Every structure is written in structure tokens, then in C-alpha cells.
Amino acid sequence: MDTVYLNKTLTIYAGTEEYKGVRHAASWVMQDLRERFGKLPDGWVPGTECCATLVYGTLHHNSFLDARIAEGRIDARRIRGLREAFQICVVEHLTEDLPLAIVIIGSDKRGTIYGLLDFSRRLGISPLIRWNLVHPTQVDHLELAVSDLTYVSKEPSVRYRGFFINDEWPAFGTWARTHFGGINAECYERVFELLLRLRGNYLWPAMWDSNFYLDGPGLESAELADELGVVIALSHHEPCMRSGQEYSFVRGQDSIYGDAWDFRANPEGITRFWEDGLKRGASFESVITMGMRGENDTAIMKDASLAENIDMLRQVLKVQNRLIRENISPDLHSVPRQIVLFTEVEEFFYGNEDTPGLIGDPELDGVTLMLSDNNQGSARTLPSEAMRGHEGGYGMYYHMDMHGGPHSFQWIGSTYLPKVWEQMTTAYEYGVRDIWVTNIGDIGTQELGLSFFLDLAYDIDTWGRFDAAVTKEYVRHWVACQFASRFSSLSLSMMENVIWDYTTLLARRKHETMNADVYHPVHYGEADEVLALCGSIFRHCQSLKEKCPEIISGAFLSLIYYPAMGTANLMEMWIQASRNRLFAHQNRNEANVLADLLPSYFDRDEDLVREYSEAEGRYFYGFGFSEHIGFTFWNDEDCKYPVRHYIRPANAPRMILCKEDSEQYVTGGVWKDRPLLWQDALRRDIDTIPFVIACGSKAPIRYRITTDCPWLSFSKTRGETTGTEHLLLRVHKDRFTGRKKGSFHVENIGQGTAQIIVEAESFRDRPAPLVFYEDSGCVSMLAEHYTARHDTSFGGFRILRPYGRLGSAVKPFPVTIDWTEELDRPWLQYDFIVSEAGEYDLIFHMSATTPVTFESRQYIGFSVGDAEPVKINTVREEDKPFFLSRQWEQEAYEAVKIATARITCQKGVNSLRFHAMSPGIILEKLILCRVGTNLPESCLGPKESYYSTDPT
């Protein structure tokens, strides 16, 4: 038999003693089958005619399957003894009454659940079927190859894999209250289903204005989690399975728990509070949070010394371990426990030169040490080689949503997959393999990032390969999983492009911190690039929306249209606000046009949120409600919409003339004007210069362009306008040799004449391959475009593409090696030509990563020519912790780490080498700027200089 024929007669069977949670998951599969085939299957009845029977069960917990294994009908040896593993196979004549069976066996409860949900995937069911209403195409039958229904899973790469519902108001909380009456067990069933379908097993529940162990009502949420195999672990400041929110309910002068969340002042009350939490949750599968933080996500003792805080935390751990022995198990090491080294707790763990921290403390033996990122997606510290043998292992608390410093990002999921891939694979290589949990805030619009995070944690061999391009493959896979049956291959490709376009914008700047000062409105064309991406998103989304079948419209809206359109609208709004301000400064009439345009972006933003909220009978209601425009503080307090600038046009006809990429302008005035010098055509690859002639008056301007220079021509030489005209200057380099200077005049007829001087060079020599050429005192080089490289026997640099703000970067591998003290290090060489000898500022643009050690050092190295390498600490304040420093805050906003040095270059060809030093450094771009040259203000820096890729 090569194929299996399935239709609506497919039935489902499990042994009578199967786990209740497995049966619960099977009910989801039955609903899937109903959507796929149009019928909810009945349970299998012997003698019933059916195309096949789905038989499922758990090893040693299903007598029917255990008997078939004993008979030799099924071979389950490959999953026996494994954690969360399963196998699927097709068996003919499993019994006399079962002519054809599709058998799913799990090594344990979760393994069976994953096997059942994997079967749904194999039938074309998206894991987001009920979370985002990704309805499958209904068919009469499916014909699947037996090979497609033959599979043995391996153990998941990471033991506990899950997410944190955090900052749940106004979005998640509103959604839950609208559909379920609150964040209760009915609500959590939907959440647990999502988690398990994405092959997660671990959850930090919502905790700010809700209580997991009370709101079920009662323990219903906890009981359901345990039934389904969802491991609950409360967050970083909810020790012993009780939340700070719960303490606010039970505290008081006459309370047995006291009235102070203070272990020094109220040790008996706090201890009893913890003990009762442990007793209440003793029967549930949990990971118990250890330690103690202050109320409302603050430090435990703000005014105490480091030593006092560490000593108190040590006492807390001792008491908590005693309580766990007494109430959970005397075998402490059999109880999963975690301590989250978040914010100030990290310092308590490491200590400093004068004060030993908790590192190596026996009270932490067997406790998983949960490291965290820097609130912005870069790991703060990773285990040193000496630390990697810690009993209990390591976890990572990773933010895809943040409500806190240095800035919040909560509205639309802004996760850039290459960043997640790079950081989490690095953490895995450092031994962080026991717990991965990501803060996804309200869940809604985080589905892409969450799916990748959990798939990476489940199967790092597939999705954690050394090439960042695996994220491109993942997006293609993810889009197909949701929409392949509803859209053409061309439309699917369009969706992939939309995802990359809007997440690339967010890799550079989050929604909440975008403003009119981020991108310069004209320099280097960076604003034009943003507008082009936004325009592409608008066009593609509108085209896709028109093609979208109604039955899948909610899924398309929530997974593609709303996050992409919302992002593009917000980004374009701020670009136009920036241009409105500049054009008003230049007194262009166009400023008023843009000022009138800005409210349309405000309206579209509200319309998008409203459309999202009302879709599918208000199914997504609440998820778009977070504030997201113009944050001026870490949160939305005092957030502001763009300021609109209006001008009063001049009375006499006024002309404004400038290059498209420059804010310098002339008006043709007799007394004020000086000629502009345009040197763009000195670059080998530039022979056209876009420029504008704009009107700044009530009356229209009439202009005329003239020149006596035979190698200059124009797309237009005369015209009349009350707005802005875009023109093109052409430099005909084939009409001269060497370096030339010419000019042209633009007459504001009847008013005055502006003069523009043009410098250009025509090159007849063949450019050297992979050598960069200076332009106006600047050389700009993308890190991936090196001339030569040196790898050692231990490793070398690799190109990451896609990655970062510019689309590519380089990073040394293996990621765990510190090359600082090595004599033989990997390096990359960059060759460039400068027209003048002298001093140059060397500027490195790097990914905004943090030091992997709890030290204020993260080194890079460089050398010029044959000189010895120079070492630079990219951490500017070496005497202060990097986390919470001014540099950390700046890098978090700007998504770039910048380091500078001064070097001396000779006229002509020079060579620069970038040396691997500290781990975690990822280089995106190098810039050389002649001392005394002022680079134009910009976000992304100068565009890459000219270089030849011709090897001849």
C-alpha cells in the first residue's frame, strides 16, 4: 500500500483508560476533521465501514495499544523512554475489526498530544486554526502517501518552551472579557490549545490584573493546564506559585499573611503566604519560581546595599527550599525550580569585586537559572564555560513585547526573525537549553514571532542552522501553512515580501518610538526608501485583500494585513511629518499639502484598528487597543501625534531649488544666494542627479534652465508650478575625460537666477575589484563586502543575510569563543582608496548586542596595513554596569551600536582589517570620514561607496 484515502468516514479511537487531557486534545482534532471534511467523526465502532481509523494512545497508559505492541503489530522502540516524543504509522489489519489504522503513539502525555496535533498539520490544518480562524479548505477526500503518515519524532531541543502573557491590558484583557467574561479557564483553554499546537509546553499566565489560581474560577485554570500537560510557572516576581496581585487581596493588619511585602519586617506572614501557595499547587505539574522582588516589578530593597540584598535573597531561598521539601517533595532536586535573573536580580547573582554574589550558592543547586535579554531582544549575559555545568541548567526570558524601560513596544508584534534566530541559537550554544520563555504581551499579532520561537526551541536542528537565510525559509513555510490552500503561489510570495518589508522597518525602529527625528527627510534617500517599502506594502496588501476569500478574511487580516498596514501607515505618517517640517523651513507650498495630508494617516490608523476589532464578529476585539503613536517617555504618558507645520506663501514668486537628497537650497535671490556645489558625479557610478524646483509663493513660479556646458542635460528645461517639480540632471561622462567643472543656471523668470556648479569625473581606467572609492571625504562599506578573510583552525566570520538594519552583517563563529587573548584570530580585510593622505575617523556600525559576560567590556579589534591590531571597548562607561546605562538606552532606541577610532590613511589604496575579539559582536557597516568632513545627519548613515564586483 502506497497511499491512504481519507474522507469524512474517518473515525477516531482511543483506549478507555487514556489520559483525559489527551482525549481533550483529540476533540480538537475532531473539530479539525469537521472543518476539513465537513463532518464531525463519531468514535470508532467495530464493524463500522470507514476509510480508516485514527488510533491514538500513550505508551503504558493505553492497554489496547500496549497489547498491539506486545503482539508485534507496532514497533514503538524508537520512542520508548523519550520525553514528549511520538510516532505516526499506518498499520493494515491492526485487529480483525480495524482493516486500516493510522496509529499515533506518544512516549508520554504531551508526546501523544503533539502526535495528534501533528496529524492535523499533515491534513493541512494550521496550528492557528482557532486562534486566528485559519479555516482550511473543505474537501471531499484526501489521498496521502503512506510515507507522509510515517514519522518518528525526536525529543524537543529545549525542555520547557513557552510564553508569558504580560501587560495584558487593554488588549488581551479586553479580548478575554469580551469573549469569555474574563481571563478564566474558558479563556485559557484557547491559550493552551495555541501553545500545544505550536508544540510548546510551558506558560507564564497573565498576572497584572488577574490571578491564575483564583480566576478559573478557583483552580479551574490550573486544573485544565495540568490535564492538558501545560506546565505553569509564574513570572519573575511571583514566587512559590503566588502572585503579588494575590497578596494585595489577602494582606491586612489582621491578616495571617501580615500587611507588608517585606521579608525583613514580615517574615512569618510572607513565609505562610508562600507555604499556602505551594500546598495549593502541589498536585500540579509546575516549575516553581524562587526568590523575591519588590511590589509592582521593582527591586526588593531599594535603599539597601548590594551585600544586604544578596544576604536577604539567600535567606529567602533557604526558606523557600525548606518549604518545598516539606510541602512538595523531600527530594528537592526532583522538583523543577527556577530563579529569573531579571533587572537587579542579575547583579545579586554575580555580585561585584567587593561583594560575592549568589553564583555557586548551594541553595541554587538544581535550580534553573533563568537569564534574560536586555528588554530589547539581545541576551544580557550567557553562561561562561565554568558555569555551564550548573545542576539545574539555564533558561532564557526573552522579550517580544515590553512594558518598561528603556521604551515600551506592545501594539503590533515587531519581532524581526533573524534577530531571534541569532540570539537564541547563540544562547543554545552557550548551554541555555532548559527553559525558553518569551514575553509576547497580548499574544495578538505576535503569532509569527511566537511560531518561530517555539519551532526553534522544539527543533533547533531544523531552524537553528548557521545560515540566517533559514529565516527566509521559515517565513515561506509559515505563510504556506496558513494560506497555501487559499491563494496562488504568486500571492503567497507577495505575502512573504510584505512580512519582510514591514519587519525590516521594525528592525530599525519600533512603532512606539518612531518620530519625525528618526529618518532624515532627504539625506541619503533613507526616507525615500522607507516610503518605497510602505508603498509596496500598501499596494500588495490591497491586492491580496481583494483576492482573499471571505472565509479566510479574519486570518488574513490578523496575520498579514493589519500588522503590515498598521506598520506602514505609522512609518509613512512620521516620514511625511518630517518632510512637512523641513519643507516648511524652506517655505515650500508643499509643506501645506503635507500638513493637510497628515490627518488622513491618523484616520487610517483608527480605521485599521476598527476593522481589526470588528472582523469575524468582533473576534479580535481588544487586540489593537494599545497606544502606539509618538511616545516621549518609556510608556504612553504624554505621547503625541505629529505636529503639523503650515507656511504663509510669499507674495512675490519665490523659487526653492535643491537636490532631492539635500536640505541646502537656493532661491535665485540677488543678495542672499550663493552658488551650490554638486559633487555627486565624482562617483564612478553616478551620472544622474535628481533635483527639485518648488514654489514658495501665492503666485506660480516660471522657471528656465540654461547651460553652456556640453556634457550637462536636463529632463526638462522650463515650466511653471505652484507646487514642486521633480527633475533630473544628466552628466554625460562619455563627452569628456578626467575631472571637469561646469555649471548651469535656473532663472526664476522676472525675479532672479540661481547658479549650480557641477563637478564630475569621467574614468577610463578599469576599477580595482572589491576596492571602495572615497566620495566627498567618506568611504562607506557594508561588512559583508570584504576583500579578503582569514579563518583559523577554530573558526571564522560568517555572513548573516538577512540581518539587521541594512539587511546583512558578519559575525564570528563558533559563537562561544572569546578571541581577545588569542594570537591567531579571524579577520576580514577591507580595501579602499582615498584621494588625500591624513587622519580619518573610523566608525563601526554594529548590532545593538550586549556583553555576554557580567562585565562592562565588549571588545572589537582593527588594524591598518601591517600594524598591530588595536583593541576598542565598545562599552563607553567601563566603570558602570552596561544594563540600564545611557548607552544601553540609546542603543535600544536606535537599534545600533556605534564605536569610533581615529586612523591615518595614505593617499591611494589602504587596507583595514576587522578582527574578532569579544563574543556577541556583529558588524554591519564600516565608515571612514576624513577629519574635518561633516557627514549629513541621518539614521542609517552614508550609502555604500562605489566598488567594483568585476573580478577582471
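Relevant structure appears above.
Overview of the structure. On a predicted model such as this, the values are computed, not experimentally measured, just so you know.

### Some words on the overall build of the protein
Looking only at helices and strands, the protein features 19 helices and 36 strands. Taken over C-alpha atoms, the radius of gyration comes to 32 Å for the protein, in line with the 30 Å a tight globule of 952 residues would show. Summarising its shape, the C-alpha atoms of the protein cover approximately 95 × 70 × 60 Å along the three principal directions. In the protein, which comprises 952 residues, the share counted as buried stands at 62%. When contacts within the protein are restricted to residue pairs at least 6 apart in sequence, those whose partners lie at least 24 apart make up 76%.

### Quick notes on the pattern of salt bridges
Taken as a whole and judged by the stated rule, the model has 53 salt bridges. Across the pair lysine 659 and aspartate 680 runs a salt bridge, and its minimum N-O distance is 2.8 Å. In this pair, lysine 659 is assigned in strand E16 (residues 655–659) and aspartate 680 in the loop between strand E17 (676–678) and strand E18 (688–695), connecting sequence segments 21 residues apart. Residue classification places lysine 659 among the buried residues on the basis of a relative accessible area of 13%. Bridged by salt links that share partners, the residues Asp32, Arg130, Glu193 and Arg197 form one connected network.

### A look at the sheet that holds strand E22 (residues 724–731)
Read from one edge to the other, the open sheet built from four strands follows the order E16-E18-E22-E20, with strand pairing classed as antiparallel. Both outer strands of the open sheet, E16 and strand E20 (712–714), are each paired with one neighbouring strand and no more. In this sheet, adjacent strand axes meet at a mean angle of 25° when their direction is disregarded. Sheet analysis places E20 next to E22, joined by three bridges and oriented antiparallel. Each bridged residue has a counterpart across the sheet, and for serine 713 the counterpart in E22 is arginine 730.

### Some remarks on the sheet that holds strand E9 (residues 202–204)
With parallel pairing, the eight strands of this open sheet are ordered in space as E10-E9-E8-E15-E14-E13-E12-E11. This sheet does not close on itself; its edge strands, each paired only once, are strand E10 (231–232) and strand E11 (288–289). Here three bridges tie strand E8 (residues 160–164) to E9, and the two strands are oriented parallel to one another. When the bridges of E9 are listed, phenylalanine 163 appears paired with leucine 203. Running over the sheet, helix H11 (residues 417–429) touches strand E14 (394–399) and strand E15 (435–439) and is turned about 165° from E14.

### Some remarks on empty space enclosed by the protein
Counting across every chain of the model gives 10 cavities of 30 Å³ or more. Computed from the structure, the largest cavity encloses a volume of approximately 430 Å³. Along its surface, the largest cavity is lined by 33 residues, and Gln376, Lys419, Ala507, Lys510 and Ala895 are the ones closest to its centre. Contributing elements (two or more residues each) for the lining of the largest cavity: E14, H11, helix H15 (489–508) and helix H19 (886–894). Grouping the constituent residues of the lining of the largest cavity by class yields 14 nonpolar, 12 polar and seven charged.

### Side note on the nonpolar core
Among the nonpolar cores identified, the biggest contains 204 residues, and Leu6, Phe119 and Trp436 are the most heavily contacted of them. When residues of this core are assigned to their parent elements, the largest contribution, 16 residues, is made by helix H17 (residues 553–585). Formed by 31 residues, the second largest nonpolar core is a distinct cluster that contains Phe832, Ile860, Ile872 and Ala901.

### Some details on the environment of aspartate 32
Within the secondary structure, aspartate 32 sits in helix H1 (residues 20–37). A residue is classified by how much of its surface remains accessible, and aspartate 32, at 0% relative accessible area, is buried. C-alpha separation for the pair aspartate 32 and proline 136, spaced 104 residues apart in sequence, amounts to 8.5 Å. Once residues within four sequence positions are removed from consideration, aspartate 32 is found in contact with Ser120, Ile125, Ile129, Arg130 and Arg197. A distance of 3.0 Å separates the side chain of aspartate 32 from the side chain of arginine 197, its partner in a polar contact.

### Remarks on the state of the cysteines
Inspection of every chain in the model, using the stated rule, returns zero disulfides. The closest cysteine sulfur to the non-disulfide-bonded cysteine 939 is located on cysteine 534, 14 Å from its own sulfur. Given the relative accessible area of 17%, cysteine 939 is considered buried.

### Overview of the packing of H1 against helix H3 (residues 109–122)
Contact geometry of H1 with H3 gives a least axis separation of 9 Å together with a crossing angle of 0°. Comparing their axes, H3 and H1 come out roughly parallel. Counting all contacts with H1, which are made through Gly21, Val22, Ala25, Ala26, Trp28, Val29, Asp32 and Leu33, the residues of H3 involved are Lys109, Thr112, Ile113, Leu116, Leu117, Phe119 and Ser120. When the residues that make up the contact of H1 with H3 are grouped by side-chain class, the tally is 10 nonpolar, three polar and two charged.

Conventions adopted
- Residues numbered from 1 in each chain as written.
- Predicted model: local features only at pLDDT ≥ 70, side-chain atom pairs only at ≥ 80, totals over all residues.
- Heavy atoms only, no water.
- Helix = DSSP H or I, 4+ residues; strand = E, 2+ residues; numbered from the N terminus.
- Rg over C-alpha atoms; globule rule 2.2 N^0.38 Å.
- Buried < 20%, exposed > 50% of the residue type's maximum accessible area, 1.4 Å probe, protein only.
- Contact = heavy atoms within 4.5 Å.
- Salt bridge = Lys/Arg side-chain N within 4 Å of Asp/Glu carboxyl O.
- Pairing = 2+ DSSP bridges.
- Axes fitted to C-alpha atoms, helices over the stretch in contact; angles between N-to-C directions.
- 1 Å grid on protein atoms, 1.4 Å probe; cavity = no way out; pocket = protein on both sides within 12 Å on 5 of 7 lines; lining within 4 Å.
- Points joined across faces, edges and corners; volume = space filled by probe spheres on them.
- Nonpolar A, V, L, I, M, F, W, Y, C, P; charged D, E, K, R; others polar.
- Core = buried A, V, L, I, M, F, W, Y, C linked by side-chain atoms within 4.5 Å.
- Polar contact = N/O pair within 3.5 Å; in protein donor to acceptor, adjacent residues only side chain to side chain.
- Disulfide = S-S within 2.5 Å.
- Parallel < 35°, antiparallel > 145°, perpendicular 65-115°, else oblique.

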